[in-house]
Amino acid sequence: MGNQEIITEDKIIELYMDTVLISGKPASIYAFAQKNEFEESEFYKYFSSFENLEKSIFGVFAKETIHLLHKTEAYKDYTSKDKLLSFYFTFFELLTANRSYVLLQFQHIKSDFSKLSVLKELRSEFLKYVSNIELEKIDFKNEKINKIQDKTITEAYWMQLLMILKFWIDDESSNFEKTDVFIEKSIKAAFEIQQITPVKSVIDLAKFLWKEKGMST
């Protein structure tokens, strides 16, 4: 084929997003490769299907967000609250730069898009990120209870990210200023109640576990 440009994972993602926005989802991987002048086998080096590629795109948004944050010298000294704020602001800047593609992905999704498989890699990357920013927690002196607390907190922030995403999709304000305000208020509220709600959930779960036979301390 005539195109001598090296085909990378990022290049395939770029070509796919452009193709979907301009002419719709390709009929096949072969047709997509032919149109963009690279061998079909190059696609399979990185992705097994278009569905796998679409999941990867949202994972890439999260990975790129984290990469940009770590390039900021002062970031390592941020509080966990400021780290999370920085993640949200940077993440939604990236989404805004690719808003047409994101909206196309969600055009048929209404209220219950939390189960959408396309967000699987985003969810994985985000939960890993939240687990690593040292959110303040209570040490229950019990490994199982502490693990339940960790899961409760990270899942709560995942739901928060989905809530902000839904707000951003519907936001018609200039430069998405309302989304920025919503992010700030959401984070503020989350950190204010973090010492109450997650702990209550942990205790409720702990009570259930303690009823199960064989639970060790």
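Structure: above.
What you are looking at is a predicted structure, and each value in this text was computed from that prediction instead of being measured. (Residues numbered from 1 in each chain as written. Predicted model: local features only at pLDDT ≥ 70, side-chain atom pairs only at ≥ 80, totals over all residues. Heavy atoms only, no water.)

Participant: Summarise the overall build of the chain; cite the residues concerned and give the values.
Facilitator: Across its full length, the chain carries ten helices and zero strands. Counting only residues that meet the buried cut, the chain has 41% of its 217 residues in that class. Accessible surface, the chain as shown: approximately 12900 Å² in total, 53% of it carbon and sulfur. (Helix = DSSP H or I, 4+ residues; strand = E, 2+ residues; numbered from the N terminus. Buried < 20%, exposed > 50% of the residue type's maximum accessible area, 1.4 Å probe, protein only. Areas by Shrake-Rupley, 256 points an atom, 1.4 Å probe, with all protein chains shown as cover.)

Participant: Go over a negative patch on the surface, please, and point to the residues and values.
Facilitator: On the surface, a cluster of negative charge is made up of Glu93, Glu177, Asp180 and Glu184. Counting residues per element, the negative patch draws most heavily on helix α9 (residues 177-193), which supplies three residues. Assignment of secondary structure puts glutamate 177 in helix α9. Under the relative-accessibility criterion, glutamate 177 is labelled partly exposed at 48%. (Patch = residues over 30% accessible without salt bridge, like charges linked within 9 Å, V, L, I, M, F, W, Y side chains within 5 Å. Salt bridge = Lys/Arg side-chain N within 4 Å of Asp/Glu carboxyl O. Lys, Arg positive; Asp, Glu negative; His and termini not counted. Charge placed at Lys NZ, Arg CZ, Asp CG, Glu CD.)

Participant: Quick one: what's the story with the packing of aromatic side chains, residue by residue and with numbers?
Facilitator: Using the criterion set out here, one finds 23 aromatic pairs in the structure. An angle of 15° between the planes, with centres 5.7 Å apart, marks the rings of phenylalanine 87 and phenylalanine 91 as stacked. Taken together, the residues span about one helical turn, with phenylalanine 87 and phenylalanine 91 both in helix α5 (residues 80-97) at a distance of four residues. The class for phenylalanine 87 is buried, based on a relative accessible area of 0%. Through a chain of ring-to-ring contacts, the aromatic side chains of Phe87, Tyr88, Phe91, Phe92, Phe126, Tyr129, Trp158, Trp168 and Phe176 assemble into a single cluster. We note lysine 83 situated over the ring of tyrosine 75; from NZ or CZ to the ring centre the distance is 5.4 Å. Positioned over the ring face of tryptophan 168 is arginine 99, at 4.5 Å from the centre of the ring. (Phe/Tyr/Trp six-rings, centres within 6.5 Å; stacked < 30°, edge-to-face > 60°. Lys NZ or Arg CZ within 6 Å of the ring centre and 35° of its normal.)

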